[in-house]
Amino acid sequence: MRNFTHELYEYFYFTRTERNASIALSFLCLFFFLLPNFYTYVFPPPPPTDFSEFRAAILAVTSDQPIVENDVVGVRTNFRGKTPVTVPVELFQFDPNTATKEELVRLGLSHRTANTLINFRSKGGLFFKKEDLKKVYGLRPEDYERLERWIMIEKKSIDVSKEGSAADENKPQSPKTEKLSEPFYSKKEYVPTNVDINQATAEEWQQLSGIGPSFSNRIVKFRDKLGGFASVEQVGETYGLPDSVFQKISPYLTISAVYKKILVNKCSLDELKAHPYINSYQATILFNYRRQHGDFTSFADLKKIKAGFKDEDWERLEAYLSFEK
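Residues numbered from 1 in each chain as written. Predicted model: local features only at pLDDT ≥ 70, side-chain atom pairs only at ≥ 80, totals over all residues. Heavy atoms only, no water.

Draft legend 1. Quick peek at the overall build of the protein chain. Broken down by element type, the protein chain carries 16 helices and four strands. Relative to its full complement of 325 residues, the protein chain shows a buried share of 28%. In the protein chain, the proportion of contacts linking residues at least 24 apart, taken out of those at least 6 apart, comes to 52%. Surface accessibility of the protein chain: about 23,500 Å² in total, with carbon and sulfur atoms responsible for 56%. (Helix = DSSP H or I, 4+ residues; strand = E, 2+ residues; numbered from the N terminus. Buried < 20%, exposed > 50% of the residue type's maximum accessible area, 1.4 Å probe, protein only. Contact = heavy atoms within 4.5 Å. Areas by Shrake-Rupley, 256 points an atom, 1.4 Å probe, with all protein chains shown as cover.)

Draft legend 2. Spotlight on a nonpolar patch on the surface. A surface patch of nonpolar side chains, amounting to about 1,100 Å² of accessible area, comprises Leu 25, Leu 28, Phe 31, Phe 32, Leu 35, Phe 38, Tyr 39, Tyr 41, Val 42 and Phe 43. Along the chain, Leu 25 falls in helix H2 (residues 16–42). (Patch = residues over 30% accessible without salt bridge, like charges linked within 9 Å, V, L, I, M, F, W, Y side chains within 5 Å. Salt bridge = Lys/Arg side-chain N within 4 Å of Asp/Glu carboxyl O.)

Draft legend 3. Examining the side chain of Gln 282 more closely. Residue placement: Gln 282 occurs in helix H14 (residues 280–293). Overall, Gln 282 belongs to the buried group, its relative accessible area being 5%.

Draft legend 4. Inspection of the packing of aromatic side chains at higher detail. Scanning all chains against the criterion turns up seven aromatic pairs. Seen from their ring centres, Tyr 289 and Phe 296 are 5.9 Å apart, and the 5° between their planes marks the pair as stacked. In this structure Tyr 289 comes out as partly exposed when scored by relative accessible area, which is 21%. One aromatic cluster in this structure is built from Phe 299, Phe 309 and Trp 314. Its end group placed over the ring of Tyr 277, Arg 316 keeps NZ or CZ at 4.0 Å from the ring centre. (Phe/Tyr/Trp six-rings, centres within 6.5 Å; stacked < 30°, edge-to-face > 60°. Lys NZ or Arg CZ within 6 Å of the ring centre and 35° of its normal.)

Draft legend 5. Looking closely at the layout of surface pockets. There is about 260 Å³ of room inside the second largest pocket. Lining of the second largest pocket is provided by Asp 224, Lys 225, Leu 226, Gly 227, Lys 260, Lys 261, Ile 262, Leu 263, Cys 267, Glu 271, Ala 274 and His 275. Every element with two or more residues in the lining of the second largest pocket is listed here: helix H11 (213–226) and strand S3 (262–263). Considering every element that reaches the lining of the second largest pocket, the biggest residue donor is H11, with three residues. (1 Å grid on protein atoms, 1.4 Å probe; cavity = no way out; pocket = protein on both sides within 12 Å on 5 of 7 lines; lining within 4 Å. Points joined across faces, edges and corners; volume = space filled by probe spheres on them.)

Draft legend 6. Spatial organisation of the pattern of salt bridges. By the definition in use, this model includes seven salt bridges. Put simply, Glu 142 and Arg 140 hold a salt bridge, and the shortest N to O gap is 3.5 Å. The class for Arg 140 is partly exposed, based on a relative accessible area of 28%. Across the salt bridge formed by Arg 146 and Asp 143, the nearest N and O atoms sit 3.1 Å from each other. Residue Arg 146 and its partner Asp 143 are both found in helix H7 (residues 141–147); the two are separated by three residues, about one turn of the helix. Each member of the pair, Arg 146 as well as Asp 143, carries the same accessibility label: buried. Salt bridges here are not isolated pairs; linked through shared partners, they connect Arg 140, Glu 142, Asp 143 and Arg 146.

Draft legend 7. Focus on H2. An ideal rise of 1.5 Å per residue puts 39 Å on 27 residues; H2 measures up with 37 Å between its terminal C-alpha atoms. Maximum bend of H2: about 40°, positioned at Leu 35, with proline Pro 36 one to four residues after it. (Expected span 1.5 Å × (residues − 1). Bend = angle between axes of the 7 residues up to and from the residue.)

Draft legend 8. Region of interest: helix H6 (residues 111–122). A rise of 1.5 Å per residue sets the reference length of H6, with its twelve residues, at 16 Å; its end C-alpha atoms lie 16 Å apart and thus fit the reference within 8%. Directly beyond the C-terminal end of H6, a positive phi value near 100° is found at Gly 124.

Draft legend 9. Broad picture of a negative patch on the surface. Taken together, Asp 311, Glu 312, Glu 315 and Glu 318 make up a surface patch of like negative charges. Relative to the helices and strands, Glu 318 is located in the loop between helix H16 (311–317) and strand S4 (321–322). With a relative accessible area of 46%, Glu 318 lands in the partly exposed category. (Lys, Arg positive; Asp, Glu negative; His and termini not counted. Charge placed at Lys NZ, Arg CZ, Asp CG, Glu CD.)

Draft legend 10. Expanded view of the nonpolar core. Residues Trp 205, Ile 211, Val 235, Leu 253, Leu 272 and Ile 305 are the most contacted members of the largest nonpolar core, which totals 40 residues. Taken together, the elements giving at least two residues each to this core come down to helix H10 (202–205), H11, helix H12 (243–249), H14, helix H15 (299–302) and H16. At five residues, H11 tops the list of elements feeding residues into this core. Residues in contact with Ile 211, not counting those within four places in the same chain, are Trp 205, Gln 206, Ser 216, Ile 219, Leu 241, Val 245 and Ile 249. (Core = buried A, V, L, I, M, F, W, Y, C linked by side-chain atoms within 4.5 Å.)

Draft legend 11. Summary view of the environment of Tyr 252. Residue position: Tyr 252 is located in the loop between H12 and strand S2 (253–254). By relative accessible area, which is 29% here, Tyr 252 ends up partly exposed.

Next comes the structure, spelled out in structure tokens:
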């Protein structure tokens, strides 16, 4: 029993530092507990906002009786600091196809909604049944429910409106209108022409279907860098030219001889680099090989260069090489 009491004492024993910390923590808890009351005493909250006018305005808007503006009955609803006033309206049978703006306002519709309805009718709109009144922009559902039993659409008003529209449609067109209805030009039938891919100018390329100024200029520039096309298929390598366009124009392309070749024994390094089929690395290898081994005598002699070139590279270049000394 003594050992148990001793262990319990040791468990709940606080050192002097722990006792001081507990006291400080207790004071802090008490301070923060009383702080809200102290804050409201020093800094009292502002008086509550009076929402009575706002509630009255909401009540007026949601009321069953519509609000009518003062240019009709002498009273206007004002929500800027004044108490809104509602005025009873007159309910009577009306035809939305013939009712005037004044009658619509007397029925409790706002001036804006009445103007919208009048404009709808002026553009040829008609109300064939009561539910059509719902299509008027700005008409509130509660207004329609209140007026539904008073709507009376007469067939005569619909027939008169239709006759007026039919008369407008049957009016003879003026000479000016008839003239405008005629085509401005007759469509020119496209006649394909053959184009020599190595001699045609940019304007002649544009005679082909699908080739405009942009593509024609690209084709000519690519051809000039090559020194001429060695085959029709090379036209399809033009940057940005769709394959569908190339396939369409290829039957009308003819070919002549390449007009400019690479003088492999005389050309400079820059001239080698300028050719589309020779990259900078290949041009440097070919130029240095010539300087070290002398001039090339034939295409077979040139193909001894193994570094940097593949068989397909030589096949593309063969038509553009000249071994003139």
